[in-house]
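Residue-level structure breakdown
What follows is each chain in one-letter form.
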Amino acid sequence: MVPEDHDGLENAEKRFSGIGVSSGIALAHAHVRNNYFVEPDKYIIDDEAKDEEISRLEKAIAGTKEQIGSLKDQVREAAGSEGEENIFDAHLLVLEDKVVLDEVRKNVREDNFNIEYAFYKTMSHYIEALRKIGDRYLRERVVDVEDVMRRVLRNLASGEKAEYSARHDHVLVVPELTPSDTAQMNHSLVQGFATEIGSYTSHAAIIARSLGLPAVVGINRFCEEVHTGDQLLIDGYNGVVVINPSASTLSEYEILKKEKDKLREGLEEFINKDAETKDGREIILSANIEFAYESDLAKKNGAKGIGLFRTEFFYMNTSGAPDEEEQFQTYSEVADTVDPNTVIIRTLDIGGDKLQNNSIKPELNPFLGWRGVRVSLDRPELFKVQLRAILRVAAVSKVGIMFPMISTLKELKQAKELLNEAENELIDAGVTYERPAEIGAMIEVPSAALIADQLAKEVDFFSVGTNDLIQYTMAVDRINERVSDLYQPLNPAVVRLLKETINAGHDAGIWVGVCGEMASDLFFTPLLIGLGFDELSVGAPRVPAIKHAIRSLDYEVCKSMAEAALCDASPDQIFRRCEKIALESYPEMLG
Ligand code: PEP
Ligand code: MG
């Protein structure tokens, strides 16, 4: 039943392409984690160690049989009748399959593979063969076999070498990276990542850019091609991934890296300068962060404070919601770092693709569901913990607050009402607090953009979340590659909503910024400046490049271009206008 092994040219270079969502080059060994298994390390053992390896497998199998036996007992008890527990018989049969076990032993005896890898390799082939079988019953046994494999690997994993790769610098390879995966991964060890699924504005990609981790997504069936321990090069600039790069590939990338480093060093001269256009229009250029420690880079790169602190990642990073004190400490830490500039704390935006484990029931249309301020308003006790923490920080530091996913005026008023309640609770408790310096609303739902004049009366600023505004305007899921052609930042409908929002804000005398990914794209800078945005908030690593772009632009030129763009009928026309100005103003940045 076990297919033949054909992996002769194991160390040959292999190139794959995907979508580069975070620029940079990373080189490290791969740590592959597919949906079901952590692929074990592969290494060669000494001849003397073979017996020991095989006895480790025997122990793991015995342990697995015991666990399945007790599961059977539990099911029998729960069902109250005999028979239901027999579903586990197929599992036990796999553990006794002589063909499989002989193949594993052969892999150890003849190829000197470590037992985890020998078992994984054999079982993977076995599963692949089962998947191809016409008989439906046999095909459905794949789930059982996978379950057995997972259990045995887990039992083997108590060994010393297991998880080696996860404990050292590595490139993470997964079918799909969820925002909670990114929140929980060890940022000091992960050097980059490669995934089979993903898009530019998925939160995982946004985090990769924020952390300056090279990332390539959308690499078809990549997890089947790469093995834990393989050397992996990630080229986030061009969306290329190379397994076992050859010496000539490595030197090619050495040159590219030097060029990019030089370009980045060239930007350092702008760090302490203002983000001001050539004709004197000053733009507040701030940074987006997801984790408190990113505020160091924001400051180092010359950001004027934090324009968006996505606090939900801090929630995902801890087990359960962080309490008031923990939140107070974290917000204070960020505020201290960026002092005397302001940190704008966005209240919890859980939901959408940012599901916290088990805290939100999966929904059919999560982006249209229980998300952002909707969750906060439905869970006022949870919301007020965050509001109290922010009010307390405001007593000692410069903080702003903004509410995500506002779609009605009522929601905004309710959010502010809860802020008042939180204030009263602090007064009753005799705790020092201050009203945040500024209270804002995010404009990321078309309904909010269309009633921006009414919302503007309630707040001190607007921050446009273009990532969501585009998805909701165009009715395209921002992480669904099948409709990614329709995810059009420059669609005339989106551009008009941006302009409406700016007009409404300015008529009411408040400032209007953008904190979505549009603000980080050098091709869009002329349009955003020309439309009249007062603030751009971008991932911390992008601050120097965007500052350079702003300083190279002429506001009046951008303004005329934006006026013309508002009459255009196609995204391409608008793009060409932007591109022309960008190429004239900072060609060296667009390579
Ligand atoms: C946005 O929607 O543009 C935004 C900044 O919020 P997020 O990406 O976290 O949804
Ligand atoms: Mg959003």
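Residues numbered from 1 in each chain as written. Chains lettered and ligands numbered in written order. Predicted model: local features only at pLDDT ≥ 70, side-chain atom pairs only at ≥ 80, totals over all residues. Heavy atoms only, no water.

This part covers the packing of helix H15 (residues 380–394) against helix H16 (residues 409–429). Close contact between H15 and H16 brings their axes to 9 Å; oriented N to C, the two are set at 65 degrees. Considering the angle they form, H15 stands roughly perpendicular to H16. Considering the relative orientation of H15 and H16, their crossing is right-handed. Within the contact between the two elements, H15 uses Pro-380, Phe-383, Lys-384, Leu-387, Arg-388, Leu-391 and Arg-392 and H16 uses Ala-415, Leu-418, Leu-419, Glu-421, Ala-422, Glu-423, Glu-425 and Leu-426. (Axes fitted to C-alpha atoms, helices over the stretch in contact; angles between N-to-C directions. Helix = DSSP H or I, 4+ residues; strand = E, 2+ residues; numbered from the N terminus. Parallel < 35°, antiparallel > 145°, perpendicular 65-115°, else oblique. Left-handed = near helix turned anticlockwise from the far one by under 90°. Contact = heavy atoms within 4.5 Å.)

Another point: the site of ligand 1. Inspection of the region around ligand 1 gives 17 residues, with Arg-310, Arg-346, Gly-465, Asn-467 and Asp-468 positioned closest. For ligand 1, an oxygen atom lies 2.9 Å from a polar atom in the side chain of Glu-444. One nitrogen or oxygen atom from the side chain of Arg-478 is found 2.9 Å from an oxygen atom belonging to ligand 1. If you list the elements that add at least two residues to the shell around ligand 1, you get helix H8 (203–211), strand S10 (306–310) and helix H19 (466–474). Broken down by element, the residue count for the shell around ligand 1 peaks at three residues, all from H19. Residue composition of the shell around ligand 1, grouped by class: four nonpolar, five polar and eight charged. (Near = heavy atom within 4 Å. Polar contact = N/O pair within 3.5 Å; in protein donor to acceptor, adjacent residues only side chain to side chain. Nonpolar A, V, L, I, M, F, W, Y, C, P; charged D, E, K, R; others polar.)

Between its first and last C-alpha atoms helix H3 (residues 98–111) spans 19 Å; for 14 residues at 1.5 Å apiece the expected length is 20 Å, and the two agree. With a side-chain oxygen lying 3.0 Å from the backbone nitrogen of Val-99, the N-terminal cap of H3 falls on Asp-97. Just downstream of H3 lies Asn-112, where phi reads positive at about 60 degrees. (Expected span 1.5 Å × (residues − 1).)

So, to be careful, I would describe these as geometric facts and stop short of saying anything about function.
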